[in-house]
Amino acid sequence: MDSDEFEPEIIAFLCNWCSYAGADLAGVSREQYPSNILNIRVMCSSRVSPEHVFESFQEGADGVLIAGCHPGDCHYIDGNYKTIRKTWLLKKMMDDMGIDPDRLRLEWVSSAEGGKFAKVMEEMTDEIKKMGPLELDGNDLSGEYDE
């Protein structure tokens, strides 16, 4: 498949208080960014579990974005610090499973950064396009195995 034809599917888990509002601002401000993103609102970036990420890949996502409040600005005090640690571990797990860790991205986007949200989405789409579609080769990422 030609990389110009490939449109990656990206799942974006967005913190309710900052990143989701930033995405909303991008839309209201008519910022242009690719339409291949599915935004999912979560109360805090720390609420995104490894299961959410791996299920996204299992169900056909080519990339996953986790976006939250800037460190120090979390509405739940230290949620985004937990997200930093969790994302590092997720990337390590992905690498061990043969999935390029760059398919998972962590960004801090405030409610006033609609332009930044649009830029991140453009950059991530371009990066995933260069990687091509995610091919799991029949690997089950759900953690459930047939006996």
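Residues numbered from 1 in each chain as written. Predicted model: local features only at pLDDT ≥ 70, side-chain atom pairs only at ≥ 80, totals over all residues. Heavy atoms only, no water.

Caption draft 1: Seen up close, the overall build of the protein chain. For the protein chain, the count of helices and strands is 4 helices and 4 strands. Counting from the amino terminus, helix and strand elements in the protein chain follow one another as β-α-β-α-β-α-β-α. Relative to a compact globule of 147 residues, whose C-alpha radius of gyration would be 15 Å, the protein chain shows 15 Å and is just as compact. Along the first, second and third principal axes, the C-alpha set of the protein chain runs to 45 × 35 × 20 Å. Looking at the 147 residues of the protein chain, the share that counts as buried comes to 44%. Carbon together with sulfur atoms contributes 47% to the accessible area of the protein chain, which is approximately 8400 Å² in total. Put simply, the protein chain has 14 plus and 29 minus side-chain charges, and the middle of one group is 9 Å from the middle of the other. (Helix = DSSP H or I, 4+ residues; strand = E, 2+ residues; numbered from the N terminus. Rg over C-alpha atoms; globule rule 2.2 N^0.38 Å. Buried < 20%, exposed > 50% of the residue type's maximum accessible area, 1.4 Å probe, protein only. Areas by Shrake-Rupley, 256 points an atom, 1.4 Å probe, with all protein chains shown as cover. Lys, Arg positive; Asp, Glu negative; His and termini not counted. Charge placed at Lys NZ, Arg CZ, Asp CG, Glu CD.)

Caption draft 2: Structural detail: a nonpolar patch on the surface. A surface patch of nonpolar side chains, about 300 Å² in accessible area, is lined by Trp17, Met43 and Tyr76. Here Trp17 shows up in the loop between strand S1 (10-15) and helix H1 (19-28). Taking relative accessible area as the criterion, Trp17 reaches 36% and is therefore assigned partly exposed. (Patch = residues over 30% accessible without salt bridge, like charges linked within 9 Å, V, L, I, M, F, W, Y side chains within 5 Å. Salt bridge = Lys/Arg side-chain N within 4 Å of Asp/Glu carboxyl O.)

Caption draft 3: Local environment of the nonpolar core. Grouped together as the largest cluster of nonpolar side chains are 16 residues, with contacts concentrated most on Phe13, Val48, Val53, Phe57, Val64, Met94 and Leu104. Mapped onto this core, the elements with two or more residues apiece are S1, helix H2 (50-58), strand S3 (63-68) and helix H3 (79-96). The contacts of Val53, once residues within four sequence positions are left out, are Val48, Val64, Ile66, Leu90 and Leu104. Core analysis: the second largest hydrophobic core is formed by 15 residues, Leu14, Val109, Val120 and Met124 among them. (Core = buried A, V, L, I, M, F, W, Y, C linked by side-chain atoms within 4.5 Å. Contact = heavy atoms within 4.5 Å.)

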